[in-house]
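Read off the chains here:
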There are 2 protein chains.
Amino acid sequence: MDISLELIKEIARPSPTNIVLLVIDGLGGLPNPETGKTELETANTPNLDKLATKGICGLTDPVGSGITPGSSPGHLALFGYNPVTFNIGRGVLEAIGIDFDLHPGDVAARGNFCTVDKTGLITDRRAGRISTEKCAELCRLLDGLVVDNIKIFVCPVREHRLIAVFRGDDLVPDVSDSDPQQVGVAPKSITALRPEADRTASIANQFIAQAKATLSGHYPANMVLLRGFSQQPHFPSMSEVYKLKPAAIASYPMYRGLAKLVGMEVLETGTTIEDEFATLRQNYSSYDFFFLHIKGTDTAGEDGDFNRKVGVIEQVDNTLSELISMEPDVIVVTGDHSTPALLKGHSWHPVPILLYSKWCRPDKVNEFSESACLLGGLGRFPATQIMPLAMANALKLTKFGA
Amino acid sequence: MDISLELIKEIARPSPTNIVLLVIDGLGGLPNPETGKTELETANTPNLDKLATKGICGLTDPVGSGITPGSSPGHLALFGYNPVTFNIGRGVLEAIGIDFDLHPGDVAARGNFCTVDKTGLITDRRAGRISTEKCAELCRLLDGLVVDNIKIFVCPVREHRLIAVFRGDDLVPDVSDSDPQQVGVAPKSITALRPEADRTASIANQFIAQAKATLSGHYPANMVLLRGFSQQPHFPSMSEVYKLKPAAIASYPMYRGLAKLVGMEVLETGTTIEDEFATLRQNYSSYDFFFLHIKGTDTAGEDGDFNRKVGVIEQVDNTLSELISMEPDVIVVTGDHSTPALLKGHSWHPVPILLYSKWCRPDKVNEFSESACLLGGLGRFPATQIMPLAMANALKLTKFGA
């Protein structure tokens, strides 16, 4: 039985204890065919193993059996939000990914520069994958247009990719895409998916017409395509649900954005693992929940670089003594999904987790690895249930029922 | 978190890989008190053990903890359809069980020949369990009656059991049973459970009246009782949900019928396990999903014949090299439920499963047995989640969310 946020909200209470959730992105792996060992099993991790010995281990499913999660569902699950019911629109996600400061009511779309021929038919949906620099230069031409009192922000993402954010009163995100997702046809006119969105659709179409005029001399990037119009969702905040004062430490914008969506305070930090742990130490007494995000494991996995992923895990292990010396009441170490170097991408495989607290019921696992976690005391469970468990171990949940 | 068919439908994509789901009916067992070993543990199964070593194992619950599934819920779960929400009426199930070619709109009921006395009260609900031959002979007397433009097919099942299928326009299955399920009372008049079913109820009553007249001289089978009126349900097909081209190989009609209900193509095959595997080989390149059903294990279990069940498992293992030589991308071996010989019937015990693919994360299990599966990497999970897992291992599911 999955425990709902509503139930947790009822029984959560503030307390002087604290929780550190260390997310090693894409932690889970697959065995190297030569050694039979996964990245985590290959890495030399004395500190994680010590913590696994004193703590309790298991495996989690971020979304469900066989489901490969994107970063967003993977993290929402870790924060206790069912990623199937708590949805984030594609435009918003792209805006979050570049650290764009979305305001409530903004409508964000993701977009491409593309190439159209003289008759207006799309010949290349990616405008020959122009450079990120070129993209930024063209975005500056479009950024700041105003249509019917709505200001449009246009920002580069990478290569041909951009975001367009519409800001002003009474915007409604329920409009169709202009991107037909194929070549040989004209961009589609944006239409309202419900009557209230008529004005937003019209503004988006006017913006696109102005963009087309502005870009006419900039072949191959002589048009834009927009899709995934969406507004920042209203999720119950972690302080509302868990009565926590939560902070996020992440060097990548996507994870800071996701943390912000659930009401965490995002702390300034540097780009290295050491920077992140230093930020933790500096702010240690000001919050009672820390989400600390390590990106390098996932990047190495996506690159198919088994040894580099092993190296990042060892680097985390190395820095872990720093965390242990702060003596958090509850430490959770896990990932948001698996990213096996062999698959060069996210995967559906369950993710190892270790939880240490004074009040866990330790199992016999004495190393942090996929195969050891299989026999751990936490068993295999949905990642959405990690937060209730961490809260319980911090003695932050009162009895349910009398 | 159970993953819904809707979500799978969103992320499933066709691919050149294939999946073979080998269902050994009633596979799970209970230990022989003399040896402490179950049927599967007693059987000598070198091929299954080899596959278990290379693959990943676990235990599934077809419906839920403590629930003993019938064949229909057991198989629906294996195909990924929640058997509690996807319901098949009893009449339809009985029709499927004898390979009756149901058309959309047909209303099927299961029935008994019974005995009534001169005053019309039931004295034997089973008409002294007449022989199947006698049943067939009497069915021929009733088969093909037409009432109000509705044609009624009457077919024998076994002993006193029959089906009646009503075919024609505007039939509505929501009508009550005529079978009072007790003796000493008269058969009940069939009534509409909602107004739209008035005509169907009336037709059913007229049919029963005509049947009574026809059967009057055929004591003890001088009346029929009908129950479980139902129509073929509209399930989303496996090709819709999974984007698969699925085929079924089963020598028993019930399983062919269930496969047809979820949109599988049913292949002609013989009665032996060898026939079934030969059919698989003949059609191997024409489909990307095969459901192959082995019946003998369940029958032996139902008969309480421990050794015969062991023998059928060994026979399957023997034929397995044939399957392995075809090199499917994903092989799943499991059962639809347990049928311990000791219980002489289906049971609630979780069912061993093994999954082999290039991308599974192998565990340390090196034999296919209930006790070894308990420590397997798949853990214990609902049988409805097998399909998502098999799809993932065939790389047929794209990432969920960004």
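Heads up: the structure comes first, above all this text.
Conventions used here
Residues numbered from 1 in each chain as written. Chains lettered and ligands numbered in written order. Predicted model: local features only at pLDDT ≥ 70, side-chain atom pairs only at ≥ 80, totals over all residues. Heavy atoms only, no water. Least-squares fit on C-alpha atoms with pLDDT ≥ 70 in both. Contact = heavy atoms within 4.5 Å. Pairing = 2+ DSSP bridges. Helix = DSSP H or I, 4+ residues; strand = E, 2+ residues; numbered from the N terminus. Axes fitted to C-alpha atoms, helices over the stretch in contact; angles between N-to-C directions. Buried < 20%, exposed > 50% of the residue type's maximum accessible area, 1.4 Å probe, protein only. Phe/Tyr/Trp six-rings, centres within 6.5 Å; stacked < 30°, edge-to-face > 60°. Lys NZ or Arg CZ within 6 Å of the ring centre and 35° of its normal. Salt bridge = Lys/Arg side-chain N within 4 Å of Asp/Glu carboxyl O. Buried area = accessible area lost by both parts, 1.4 Å probe. Polar contact = N/O pair within 3.5 Å; in protein donor to acceptor, adjacent residues only side chain to side chain. Nonpolar A, V, L, I, M, F, W, Y, C, P; charged D, E, K, R; others polar.

(A) Quick peek at the relation of the copies chain B and chain A. Aligned on chain A, chain B shows an RMSD of 0.2 Å; the corresponding rotation is 123° and the shift along the axis is 0.1 Å. In short, the pair behaves as if placed about a three-fold rotation axis. When C-alpha distances to the rotation axis are compared across chain B, the minimum falls at L375 of chain B, with a value of 4.1 Å. By residue overlap, the copies meet through two different surfaces: only 4% of the interface positions of chain B are interface positions in chain A.

(B) Molecular detail of the sheet that holds strand β9 (residues 246-250) of chain A. All names here are of chain A. With mixed pairing, the 8 strands of this open sheet are ordered in space as β10-β9-β11-β1-β12-β13-β2-β14. Looking at the sheet topology across the chains shown, the edges are occupied by β10 (265-266) and β14 (379-382). In the sheet, β9 pairs with strand β11 (residues 289-294) via 5 bridges, with the strands oriented parallel. Paired with A248 across the bridge in β11 is F291. Along the sheet, helix α10 (residues 273-282) makes contact with β1 (19-24), β9 and β11, crossing β11 at roughly 175°.

(C) Representation of helix α5 (residues 90-97) of chain B within the structure. Residues and elements named next belong to chain B. Summarising burial for α5: 6 of the 8 residues are buried, a large majority. Of the residues making up α5, those classed as buried are G91, V92, L93, E94, A95 and I96. In this structure, the buried residues of α5 make contact with α4 (71-78), β3 (107-116), β6 (150-158), β7 (161-167), β8 (223-231) and α9 (253-261). D99, located one to two residues past α5, shows a positive phi value of around 65°.

(D) Structural detail: the packing of aromatic side chains. Scanning the entire structure with this criterion turns up 18 aromatic pairs over all chains. Between F166 of chain A and F207 of chain A the ring centres are 5.8 Å apart and the planes differ by 85°, which places this aromatic pair in the edge-to-face class. A residue pair is termed long-range when its members are at least 10 positions apart, and F166 of chain A in strand β7 (residues 161-167) and F207 of chain A in helix α7 (residues 198-215) qualify at 41 residues. What makes F166 of chain A buried here is its relative accessible area of 1%. Taking 5.9 Å as the distance between ring centres and 75° as the angle between the ring planes, the aromatic pair formed by Y287 of chain A and F290 of chain A counts as edge-to-face. Each member of the pair, Y287 of chain A together with F290 of chain A, is buried. Across from the ring centre of Y356 of chain B, 5.0 Å away, lies the NZ or CZ of K54 of chain B, which sits over that ring. The side chain of K295 of chain B reaches across the aromatic face of Y252 of chain B, ending 5.4 Å from its centre.

(E) Just the pattern of salt bridges, in detail. Residue and element names in this part refer to chain A. This model, assessed by the stated rule, comprises 38 salt bridges over all chains. With a closest N to O distance of 2.9 Å, E94 and R161 form a salt bridge. Within this pair, whereas E94 is found in helix α5 (residues 90-97), its partner R161 is found in strand β7, the two being separated by 67 residues in sequence. Between R256 and D99 there is a salt bridge, and its shortest N-O distance comes to 2.6 Å. Of this pair, R256 sits in helix α9 (residues 253-261) while D99 sits in the loop between α5 and β3 (107-116), placing them 157 residues apart in sequence. Accessibility expressed as a relative area gives 17% for R256, which makes it buried. By sharing partners, the salt bridges in this structure join E94, R110 and R161 into a single network.

(F) Local environment of the interface of chain B and chain A. Chain B puts 26 residues into the contact, and the matching count from chain A is 37 residues. Both faces considered, chain B and chain A share a buried interface measuring about 2,400 Å² in area, 66% of it formed by carbon and sulfur atoms. The interface formed by chain B and chain A contains 11 residue pairs in polar contact (both at pLDDT 80 or more). If you list the elements that add at least two residues to the side of chain B that touches chain A, you get α1 (5-11) and α14 (386-393) of chain B. The element best represented in the side of chain B that touches chain A is α14 of chain B, accounting for 4 residues. The residue makeup of the side of chain B that touches chain A, split by class, is 17 nonpolar, 5 polar and 4 charged.

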